[in-house]
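Descriptive analysis of the structure
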Amino acid sequence: MQKFASFFVTRQVLLFVLLLSSICLLILSLTGMLQSGVLALLVFVGFTSAENAPYEPPSYRLKGDVVPSHYILEIVTDLDNFSYTGNVHIEMECKLPTDTIYLHSVNLNIHEKEVTFKRIIKEQQFEDLPLSGIDHDIKNEFLVIKLKEKLNPGTKYTLYIPFDGILSEGLAGYYRSSYLDRSTNTTKWLAVTQFESTDARRAFPCFDEPSMKAIFTIKMGHKQEFTSVSNMPLVQTIPFENKPGWVWDQFKDTVPMSTYLVAFMVSDFEFRESDHQSNNVVFRIWARKDAIGQVEFARTVGPKFLSYYEQYFDVGYPLPKQDMVAIPDFSAGAMENWGLITYRETALLYDERTTSRAFQHNIASVIAHELAHQWFGNLVTMFWWTDLWLNEGFATYVAGLGVHHEFPEWNSLDGVAVENLLTVYSLDALESSHPVSVPIGHPSEITQIFDHISYKKGAFLLRMMNLFLGEEVFRHGVSEYLKKHRYGNAAQDDLWASLTEQAHKANTLSAELSVKLIMDSWTVQTGYPVLSVVRDYQNGKATVSQHRFLAVKSKDEENKLNTCWWIPLTFSTPKLSNFSETRPKQWLSCNEKELSIDIQASSTEWVVFNNKFAGLYRVNYDKDNWNLLADVLNSPDYTKIDVLNRVQILSDALDLAWRGDLPYPLAFRLVSYLKHETEYLPWRAALNTLNNIDRMMRRTPKYGQFREYMRELLQPIYNKFSKMTQQPDTYEGIKHQSLILSWSCRFDIGDCVSQAKDLFRQWQLSPETNMIPKDLRSLVYCQGVKAGGEKAWEFIWQKYRASNVGTEQSQMLGALSCSREVWLINRYLEWSIDESSGIRRQDSSTVFGSVAHTDMGYYLAQRFFTRNIQRIYKYHGPKATRLGRYIASLAEQMIYNDELVELKRVTDENGDVLNDSKLAISQSLESVAVNIAWLQNNYETISKTLSL
């Protein structure tokens with residue numbers, strides 16, 4: 001039992017939490033959620049840690065009375081019949097007396113009469129133990145093996161299960177994918193796995209929880225015309241006895257790992273091997289043969305990222321090889337299977353002639369992300385999915401470091417921080433958001449938390465820790481954590497302990513502070529704070545206080561905002577320009593309602609808190625300081641404020657105005673400084689937030705006023721970037737031009753639209769020669785389709801069908817949604833859930849989202865979804881959580897109460913197919929309510945402000 005963490009509560013709140021815990025425990029025990037609820041609550045209040053808390057597992061969790069140590073898995077794949085057969089020997093040790101073994105199995109045909117269970121006497125000597133029966137718990141996805149006698153703790157046993165299964169099209173478990181071989185014009189098939197989070201059980205019977213690590217010996221049978229790959233190197237290929245033309249591939253034993261990281265593939269793919277590396281890791285990139293020429297970028301950067309991480313973590317990569325494979329049909333962006341990483345083609349393959357810089361950056365980031373997982377997630381794995389953020393947040397954060405190390409000229413470290421901040425600011429301002437370390441009950445809840453909170457908020461919090469602890473302390477703490485828990489499982493408290501130990505050694509945290517004390521306030525509660533800064537202009541001081549930032553004010557807001565965070569305080573003034581100093585001089589703790597700080601600034605000098613937005617919090621100043629900031633920003637001295645703080649000022653001002661905490665005239669005065677801003681990131685932040693107003697106004701009678709405001713704001717910067725055929729030299733410059741031209745064409749500024757249409761027509765006249773700059777193709781394609789009617793739509797559609805480059809196809813799918821022809825859009829939506837049309841299942845929800853975000857398409861998408869929700873559900877099968885994306889795409893556009901009523905009706909009436917999307921639905925419904933409240937509170941105000 002651990003000491004209660006004092007950071008969180010006053011004495012009164014402690015009594016409340018204890019009372020609440022008793023009530024929650026009673027409710028949770030009655031509803032079968034005891035394990036996840038109790039553990040989450042106990043961890044929340046600091047009484048115990050999840051990995052050693054005594055509890056009786058709920059019905060959907062493994063009991064832990066037997067633990068696997070070694071799987072011997074044989075799979076025979078028949079791509080002619082889309083089926084496979086297999087068998088698995090599982091060696092296990094009994095931990096607690098039991099006569100029933102629970103393991104996982106879904107949609108597998110178990111050959112029950114051939115199942116055997118034996119006690120291991122010694123090596124190669126066994127004793128058969130009789131079974132009393134075999135059951136299937138369909139609801140909880142268990143295969144239940146019943147024995148006639150109880151097992152003895154400390155004794156080892158082996159379970160043999162033969163089975164067979166279908167290679168489905170559901171993009172989960174062991175499934176099939178296909179592609180068109182352009183040389184023969186025939187369809188080629190492959191079989192590949194996708195197991196995270198709980199789909200290994202769809203491929204073979206197993207103990208499918210992350211803490212159940214074991215060694216895997218894998219043997220793959222297939223026709224000799226194919227090749228198989230798995231987590232480890234191939235040991236030998238031998239003929240398949242009594243099956244001419246077939247072979248067995250035997251792979252080396254794995255290191256101990258979780259089931260969700262097991263992977264194998266049977267295909268006719270080719271590979272390209274990277275140059276020899278000093279760490280002797282064999283690095284190969286696999287793809288269909290028509291796309292093998294697109295692997296060069298990955299072949300080059302992959303080994304560099306791997307080497308960088310070895311140095312950064314001070315822990316060597318533990319496997320002898322690393323394969324990366326581009327899969328034609330793939331649900332996720334990529335999957336970090338140990339030694340065999342699988343990707344969508346758009347996330348791995350790069351074509352220098354057609355792939356845009358934005359896609360190139362994304363490819364580099366995804367590769368870096370997945371390779372970072374080889375340490376965070378694979379080498380050290382969370383005990384349960386509650387701490388998924390330790391995997392995804394770390395991989396996201398460290399990927400930024402890896403990309404910056406290899407491509408410093410991209411300035412992507414700051415860029416990624418801005419993107420993460422803007423995303424978290426939006427999603428985590430909802431009451432229906434969730435903590436980074438989120439209690440997970442039934443496994444059906446897991447997929448829903450693979451979201452921006454786990455990835456981007458987790459990454460931003462790690463950046464925050466790095467900045468307040470210092471780079472060396474952070475690195476050493478992470479390294480010690482990995483070394484201590486390698487090949488095992490850990491919880492966030494284990495990471496906190498390693499970081500605290502290093503911080504105390506280096507004196508970067510005082511003895512009374514710990515990383516746990518600080519960071520639990522950010523990871524186990526939902527949301528983030530806004531720091532209120534009220535200055536005493538006569539005495540040069542400022543009083544700071546905090547409360548939770550919510551997207552919209554509510555009547556009982558004071559009760560809802562009774563939360564607090566340990567906030568690292570940094571600030572800069574004209575005289576104390578300390579923007580590079582991100583180590584806090586003071587903390588605003590939960591023991592203090594407010595804190596007085598000597599800022600040493602005169603009444604005519606501004607102050608900016610949160611240097612380089614090192615902390616995850618907004619800042620709201622008193623009116624006079626906001627005006628001082630507006631004065632300096634609208635002067636030639638605007639660069640005296642760091643570029644990242646200019647980003648935060650713009651974002652905070654517009655979002656504070658959104659909820660009524662700042663007058664819109666003042667917010668727009670701050671935004672007006674952009675007329676002389678030359679950096680990309682402030683423009684990115686401002687337009688991201690102004691886009692929210694655009695969404696609210698677009699379907700209202702007064703949208704014309706906002707259009708004129710945007711035209712006036714954009715015209716000066718458009719003049720700088722207006723020539724589409726003249727691209728900037730730098731990566732950020734290219735992104736900046738693409739952003740400005742996209743917005744300029746949206747508001748019909750200058751000759752933006754006519755340039756785009758001219759470039760599109762030139763391509764139509766010479767279709768074999770595409771002279772459109774690759775970084776502007778999404779924009780030009782969209783404008784061409786919008787203006788060109790059916791002919792332009794068919795032109796892009798045929799180009800999409802003929803393209804061999806996934807990133808180019810992705811751009812074209814987006815452009816096809818720009819049509820103004822109702823019948824074309826309706827047909828496009830129909831095709832999106834008909835894979836025979838040529839649109840892959842993985843792209844279905846993306847097509848829908850692209851349509852829903854257009855002015856006319858929103859109405860068509862809304863009707864299509866309402867009428868076809870059951871078809872959409874069936875189409876996505878095991879990945880029905882994608883329905884949440886459909887709903888979110890619609891909810892973003894909704895601004896009227898009748899739309900909210902209709903959305904509630906649809907979700908209520910279709911609860912049976914939306915069960916796996918509850919979190920997304922909750923957030924979508926709240927988002928619509930936020931939109932409605934904004935329109936009611938601000939529509940007339942915005943109109944008056946824009947008419948001044």
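Residues numbered from 1 in each chain as written. Predicted model: local features only at pLDDT ≥ 70, side-chain atom pairs only at ≥ 80, totals over all residues. Heavy atoms only, no water.

1. Things to note about the packing of helix α3 (residues 296–313) against helix α5 (residues 388–406)
Here α3 crosses α5 at 115 degrees, and the two axes come no closer than 10 Å. Relative to α5, α3 is oriented so that their crossing is right-handed. Here Lys304, Phe305, Tyr308, Tyr309, Tyr312 and Phe313 of α3 come into contact with α5, specifically with Val398, Ala399, Leu401, Gly402, Val403, His405 and Glu406. Across the contact of α3 with α5, the residue classes tally to 9 nonpolar, 2 polar and 2 charged. (Axes fitted to C-alpha atoms, helices over the stretch in contact; angles between N-to-C directions. Helix = DSSP H or I, 4+ residues; strand = E, 2+ residues; numbered from the N terminus. Left-handed = near helix turned anticlockwise from the far one by under 90°. Contact = heavy atoms within 4.5 Å. Nonpolar A, V, L, I, M, F, W, Y, C, P; charged D, E, K, R; others polar.)

2. Structural notes on the pattern of salt bridges
It is possible for side chains bearing opposite charge to pair when their charged atoms get close. What the rule picks out here adds up to 51 salt bridges. In this structure, arginine 841 engages glutamate 169 in a salt bridge whose closest nitrogen and oxygen atoms are separated by 3.9 Å. Highlighted residues: arginine 841 in the loop between α21 (822–831) and α22 (844–852) and glutamate 169 in the loop between β9 (156–166) and β10 (173–181), separated in sequence by 672 residues. The class for glutamate 169 is partly exposed, based on a relative accessible area of 34%. Linked through salt bridges whose partners overlap, the residues forming this network are Glu169, Arg176, Glu835 and Arg841. (Salt bridge = Lys/Arg side-chain N within 4 Å of Asp/Glu carboxyl O. Buried < 20%, exposed > 50% of the residue type's maximum accessible area, 1.4 Å probe, protein only.)

3. What to know about the environment of phenylalanine 609
You can see phenylalanine 609 is positioned in strand β30 (residues 608–609). Note: C-alpha distance between phenylalanine 609 and valine 619 (10 residues apart in sequence) is 7.0 Å. Those residues within four positions of phenylalanine 609 in sequence are excluded, and the remaining contacts are Leu531, Val533, Val544, Thr570, Phe571, Ile597, Ile599, Val619, Tyr621, Asn645 and Gln648.

4. Examining the confidence of the model for the protein chain
Of all residues in the protein chain, 93% have pLDDT values of 70 or greater, and the mean over the chain is 92. The model gives residues 1–55 a pLDDT under 50, and that stretch makes 73 contacts with residues more than four places away or in other chains. (pLDDT = per-residue confidence, 0-100.)

5. Considerations on the packing of α22 against helix α24 (residues 883–891)
Where α22 meets α24, the axes come as close as 9 Å, and the angle between the chain directions of the two elements is 10 degrees. The orientation of α22 with respect to α24, classified from their angle, is roughly parallel. Packed against α22, whose contacting residues are Ser844, Ser845, Phe848, Gly849 and Ala852, the element α24 presents Arg885, Tyr886, Ser889 and Leu890 at the interface. (Parallel < 35°, antiparallel > 145°, perpendicular 65-115°, else oblique.)

6. Topic: the pairing of strand β14 (residues 234–239)
Taken together, the 5 bridges between β14 and strand β15 (residues 246–251) define a ladder with antiparallel strand orientation. Counterpart to proline 239 in the pairing with β15 is valine 247. Taking the residues that link successive antiparallel strands as the turn, the β14-β15 hairpin has 6 residues, and the phi of asparagine 242 there is positive, at about 60 degrees. (Pairing = 2+ DSSP bridges.)

7. Focus on the state of the cysteines
All told, the structure shown has 3 disulfides when counted by the stated rule. Disulfide pairing places cysteine 745 opposite cysteine 752 at an S-S distance of 2.0 Å. Judged by the torsion about the S-S bond (-95 degrees), the cysteine 745/cysteine 752 disulfide is left-handed. Note on accessibility: cysteine 745 and cysteine 752 belong to one class, buried. Each sulfur of the disulfide joining cysteine 782 and cysteine 818 lies 2.0 Å from the other. Because the torsion about its S-S bond is -105 degrees, the bridge between cysteine 782 and cysteine 818 counts as left-handed. Taken together, the residues cysteine 782 in helix α19 (residues 777–802) and cysteine 818 in the loop between α20 (806–816) and α21 connect sequence positions 36 residues apart. A single burial state applies to cysteine 782 and to cysteine 818, both of which are buried. Looking at the protein chain, its bonded cysteines, counted consecutively from the start of the sequence, adopt the pairing 1-2, 3-4, 5-6. Here cysteine 94 is not cross-linked by a disulfide; its sulfur's nearest cysteine counterpart is in cysteine 206, at 20 Å. (Disulfide = S-S within 2.5 Å.)

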